[in-house]
Amino acid sequence: MTLTSDNKQTNTKTLITATIDGIQVQVPKGTLIIRAAERMGTFVPRFCDHPSLAPVAACRMCLVEIEGMPKPQPSCAIPLTEGMVVKTQMTSEVAEKAQAGVMEFLLINHPLDCPVCDKGGECPLQNQAMTAGRAESRFEIEKRTFPKPIELSTEILLDRERCVECARCTRFSEEIAGDPFIELLERGANQQVGIATDEPFNSYFSGNTVQICPVGALTSSAYRFRARPFDLVSVPTTCEHCASGCSLRTDYRRETVMRRLAWEDPAVNEDWNCDKGRFAFGYLKTNRLTQPKVRKKDGNQVDALWPDAIDFAAKGLREANGKVAVLLGGRLTLEDAYAYSKFARLALSTNDIDFRNRVNSAEELNFLASAVAGDAGTVTYADLEKAENVVLVNFEPEEESPIIFLRLRKAAAKGKIKVLAIAPYLSRGLEKIDAEVIATKPGDEAKVLRGLKIAKNSIILVGERAAATLGTLSAVIEVAEKTESKLAWIPRRAGERGAIEVGVLPNLLPGGRPVIDSGARSEVGAIWGVNGSDIPSKPGRTHSEIVQAALNGEIKALIIAGLDVLDAPDPQALSEAINSVDFVVTLGIQENSLTRYANVSLPVAPVTEKSGTFINWEGRPRPFGRAITSTNALTDARVLAMIAESLGHDFGLQTIEEIRQELSSFGTWMGTKVDKPKVDAIGARNTSGNNVILSTWNLLLDDGALQKGEEHLAGTQRPVVAHLSEKTAQAQQLENGEKINISNDRGSITAKLEIIEMVNDVVWIPANNHDSKVKSKLGAKEGDVVTIKKGGL
């Protein structure tokens, strides 16, 4: 029998031959005994062992008999060697007795909590006590007890007496996440998991410790005592938050989502996910819009039947006489985004459509059309793990794409990668991947990038924040071509990459086809059943131009979906634009400020109540199925098809299957792409007096719309602080720890000052946490000039 890591035959020169339970096996050199055994169908009991963690042999449950060894050995920590003879509990009484003895010791102090423990029904200890333990305990002493639960953080709770000291949680925190806040304390019978009294377990990946805990010692506040595993229906899905594209498992009961778990996917998220993807699903239950609403002539909103609401929406759009635009966000599935792209071109005859409800620019528009659209697979997670040189531009991996952070950290732990980051300071996340920071003022990124000696065949990762500083994206393309490096653009939201691919931009049609290209319009028209001449050929307005046109009265109606007003580059301007037009149609899952503006509000299905696909930052499709099937919620695509029909266009039913079949017809665009941007950088702004340059980005856990309703998760947000360099603080006569005021002519933000090593004449504050709302309070972006003073002045 020849075994490899994926059960396929491999080059025999790399194999060694050994015997397990009388069966001769060939495995790659270095394969652990426990792995070889499980690949030949023998499960050796274990608690501390995890395939993604370094072996530690802490629990001793996996003892096996090895010929020539005087006593049983831990199979999780010993690799097979040439000629080794191993007997597991299946053929060795010695191994069987040793495992039973270890189990007996583990159960001495373990409480009989199974009827109330969250792990009951899916507990490895419970299962293995039945298969590898004794029928009765010989110990009648009083069990050890502790006060419980201990709050490691607002999200993670600890029942210490259940812990079997396997060290999975502490090893994960140190090896994988790089957050060694949780540790095994004391020695002997007093050993227990704990945290420093002044440092709570506020890791972005803390939820993984709950999932890999082999007993019920670690539980989540949100799920504790809410359900039992045998009450739940489990469905594989894809995370809807960021562009990492994590595979998840959604567990629901009585049509309510109870929890989410990481789903193993070696090519993407491996065994892990972040706490945002794991816990942030409370929005599904908050302020759900379940019935269409229309605004009557007296200004009041009333519930309406679907046919009446659809006809009312079509009437309002028709009366706008072609002066309609479509504003979307980055949260739509590929199929729904495609439906908006098609609806805008055929039903509204406009290219005024843009998903970039965030800081954006004309330079970015051409960058996305020329360097991103249609370039799936240019860089992958596997490439990052194998890379020797990675350059980060306007990109903070831990905050903006956590799984990229984990892959870079994994590569850094092997010592084979050099990470350069063009950033204002060395953040906690960058420090954990051993990055070298080129301290850069916002606006100087292009100059610094061109001046770097970047090795050939590097990987350049550029974040969406690069759109804030002119010339940065042009320089990124130039440097990537000059150094023959791979280039990848990393958006923050799950639906942005897919929106590009299906043409939710004013200059693109599906498949990266330029709207100005007659051949591209003909190809698309053939698939849509119209003439190419029926598709508008003039590039439409960008998000910012649509907002301005609405304020100027050039646009009379808006269709809005998948966005939050507070995410906009200027929330105040967007709100005024929405109030300025004559007619507003919104499609959404919640009642919010948009539904209060709208003339028609149409409810649509959230990700748990429909099938769909997200395209992650790699360009990798991440399809998912419908979890909850009892509701009648409609997809955006189906609602748009009904409006189109009322406007005189037959789109068909627009089911997920129909849309996917239609999308498969586009193939690869072989024609000319949009020209690459060539924008000159203007450099960092000049400052004097108490003026400084603003640096800001969204933290992973903030006040985003999809994180509402999760108070336990919100408690793990990082505190709001403002960062200044020591030189800048001294120049402004500011002291560490005091409150400072960051302001401009629009408003102000007050935050506690933390003096760190960073570039001078720059202040950093989080973009959307608590009182630090950069867009809504300041209307500012990265690179703008703000004023700093002592707090309250």
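No experiment lies behind these values; they were computed from the predicted model shown. (Residues numbered from 1 in each chain as written. Predicted model: local features only at pLDDT ≥ 70, side-chain atom pairs only at ≥ 80, totals over all residues. Heavy atoms only, no water.)

**Student:** Describe the domain arrangement of the protein chain, with residues and values.
**Tutor:** When cut into domains, the protein chain gives domain 1 (15–108), domain 2 (293–358 + 497–664), domain 3 (371–490) and domain 4 (691–790). Placing a centre on the C-alpha atoms of domain 3 and another on those of domain 4 gives a separation of 24 Å. Domain 3 puts 17 residues into the contact, and the matching count from domain 4 is 21 residues. Buried surface at the junction of domain 3 and domain 4, summed over both partners, amounts to about 1,600 Å²; 63% is from carbon and sulfur atoms. Applying the counting criterion to the domain 3 and domain 4 interface returns 4 salt bridges. When the shortest N-O distance is used, the salt bridge between R465 and E782 registers 3.6 Å. On inspection of domain 3 and its partner domain 4, the count reaches 3 residue pairs in polar contact (both at pLDDT 80 or more). When residues of the side of domain 3 that touches domain 4 are assigned to their parent elements, the largest contribution, 3 residues, is made by helix 11 (residues 397–400). Looking at side-chain class alone, the side of domain 3 that touches domain 4 contains 6 nonpolar, 3 polar and 8 charged residues. (Domains from an automatic or database assignment. Contact = heavy atoms within 4.5 Å. Buried area = accessible area lost by both parts, 1.4 Å probe. Salt bridge = Lys/Arg side-chain N within 4 Å of Asp/Glu carboxyl O. Polar contact = N/O pair within 3.5 Å; in protein donor to acceptor, adjacent residues only side chain to side chain. Helix = DSSP H or I, 4+ residues; strand = E, 2+ residues; numbered from the N terminus. Nonpolar A, V, L, I, M, F, W, Y, C, P; charged D, E, K, R; others polar.)

**Student:** Run through the packing of aromatic side chains, naming residues and quoting values.
**Tutor:** Within the structure shown, the criterion is met by 11 aromatic pairs. Ring centres of Y381 and W617 lie 5.2 Å apart, and the angle between their planes is 80°; on these two criteria the pair is classed as edge-to-face. Linking Y381 in helix 10 (residues 381–386) with W617 in the loop between strand 28 (612–615) and strand 29 (621–624), this pair joins segments that are 236 residues apart in sequence. Overall, the relative accessible area of 0% leaves Y381 in the buried class. With centroids separated by 5.5 Å and ring planes inclined at 25°, the aromatic side chains of F614 and F624 adopt a geometry described as stacked. (Phe/Tyr/Trp six-rings, centres within 6.5 Å; stacked < 30°, edge-to-face > 60°. Buried < 20%, exposed > 50% of the residue type's maximum accessible area, 1.4 Å probe, protein only.)

**Student:** Break down the sheet that holds strand 18 (residues 389–393) for me, citing the residues and quoting the values.
**Tutor:** Judged by pairing direction, the sheet is parallel, and its 5 strands sit side by side in the order 20-19-18-21-22 without closing on themselves. Strand pairing shows two members of the sheet lacking a second neighbour, strand 20 (436–439) and strand 22 (486–490), which therefore form its edges. The average angle at which neighbouring strand axes cross in this sheet is 20°, direction not considered. Two strands pair when backbone bridges link them, and strand 18 and strand 21 (residues 459–463) are joined in this way by 4 bridges, in the parallel orientation. Looking at strand 21, one finds that L392 is bridged to L461. (Pairing = 2+ DSSP bridges. Axes fitted to C-alpha atoms, helices over the stretch in contact; angles between N-to-C directions.)

**Student:** Describe empty space enclosed by the protein, with residues and values.
**Tutor:** In this structure the tally under the stated criterion is 8 cavities of 30 Å³ or more. The calculated volume of the largest cavity comes to roughly 260 Å³. Lining the largest cavity are 20 residues, and of these R331, R492, R493, D567 and G704 lie nearest its centre. In terms of residues, the lining of the largest cavity owes the most to one element, helix 25 (residues 774–778), which gives 3 residues. (1 Å grid on protein atoms, 1.4 Å probe; cavity = no way out; pocket = protein on both sides within 12 Å on 5 of 7 lines; lining within 4 Å. Points joined across faces, edges and corners; volume = space filled by probe spheres on them.)

**Student:** Go over the pattern of salt bridges, please, and point to the residues and values.
**Tutor:** Within this structure, the stated rule accounts for 60 salt bridges. Between R46 and E38 there is a salt bridge, with the nearest N and O atoms lying 3.2 Å from each other. The buried category is assigned to R46, whose relative accessible area is 10%. Of the residues examined, E38 reaches a relative accessible area of 32% and is grouped as partly exposed. The partner of E609 in a salt bridge is R288, and the shortest N-O contact between them spans 3.0 Å. With E609 in the loop between strand 27 (600–603) and strand 28 and R288 in the loop between helix 6 (275–279) and strand 14 (293–295), this residue pair connects regions lying 321 residues apart in the sequence.

**Student:** How would you summarise the environment of E199 if you had to cite specific residues and measurements?
**Tutor:** In this fold, E199 is placed in the loop between strand 9 (192–195) and helix 5 (207–212). With a relative accessible area of 38%, E199 lands in the partly exposed category. Counting along the chain gives 88 residues from E199 to N287, while the straight-line C-alpha distance between them is 35 Å.

**Student:** Would you mind going over the environment of I516 in detail, with residue names and values included?
**Tutor:** Structurally, I516 is set in the loop between strand 24 (513–514) and helix 17 (518–528). Once the C-alpha coordinates of I516 and V674 are considered, the two residues, 158 residues apart in sequence, prove to be 9.1 Å apart. For I516, the residues in contact, after removing those within four places along its chain, are R521, S537 and P539.

**Student:** Can you lay out unusual backbone geometry for me, pointing to particular residues and giving the numbers?
**Tutor:** A negative phi angle characterises most non-glycine residues, just as the trans form characterises most peptide bonds. Residue P149 follows K148 across a cis peptide bond; omega there is -10°. Along the chain, P149 falls in the loop between helix 3 (124–132) and strand 6 (150–151). One non-glycine residue with positive phi stands out, namely E165, at about 55°. By the element assignment, E165 lies in the loop between strand 7 (156–158) and helix 4 (168–177). Residues other than glycine seldom take positive phi values, yet N394 does so here, at roughly 50°. With respect to the secondary-structure elements, N394 resides in the loop between strand 18 and helix 11. Among the residues examined, N394 registers a relative accessible area of 2% and is labelled buried.

**Student:** An account of the packing of helix 2 (residues 93–107) against helix 3 is needed here, citing residue identities and associated values.
**Tutor:** Put simply, helix 2 and helix 3 touch, their axes get as near as 10 Å, and they point 135° apart. Looking at the two axes, helix 2 sits oblique to helix 3. Crossing of helix 2 against helix 3: the hand is left-handed. Across the interface between the two elements, Q99, A100, M103 and L107 from helix 2 touch L125, Q128, A129 and A132 from helix 3. (Parallel < 35°, antiparallel > 145°, perpendicular 65-115°, else oblique. Left-handed = near helix turned anticlockwise from the far one by under 90°.)

**Student:** Which residues make up the environment of I477, and what values go with them?
**Tutor:** Relative to the elements of secondary structure, I477 occurs in helix 15 (residues 472–482). Expressed as a C-alpha distance, the spacing of I477 and A371, which sit 106 residues apart in the sequence, is 7.9 Å.

**Student:** How would you sum up the sheet that holds strand 25 (residues 557–561)? Please name residues and give values.
**Tutor:** Judged by pairing direction, the sheet is mixed, and its 7 strands sit side by side in the order 15-14-27-26-25-16-17 without closing on themselves. Whereas interior strands pair on both sides, the edge strands pair on one side only; in this sheet they are strand 15 (301–303) and strand 17 (353–354). Two elements, strand 26 (residues 583–588) and strand 27, share 4 bridges in a ladder whose sense is parallel. Its bridge partner lying in strand 27, L587 is registered against L602. Across the sheet, helix 7 (residues 306–319) lies against strand 14, strand 16 (324–328), strand 25, strand 26 and strand 27, angled at about 135° from strand 27, the strand it touches most. In this fold helix 18 (residues 543–552) packs onto strand 16, strand 17 and strand 25, with an angle of close to 135° to the strand it touches most, strand 16.

**Student:** Account for helix 3, naming residues and giving values.
**Tutor:** If you check which residues of helix 3 are buried, you get L125, Q128, A129 and A132. Down the axis of helix 3, the buried side of the element spans an arc of 110°, and every buried residue falls inside it. Residues of helix 3 that are exposed and point more than 90 degrees away from the buried face comprise M130 and T131. In this structure, the buried side of helix 3 is in contact with helix 2. (Arc of directions from axis to C-beta.)

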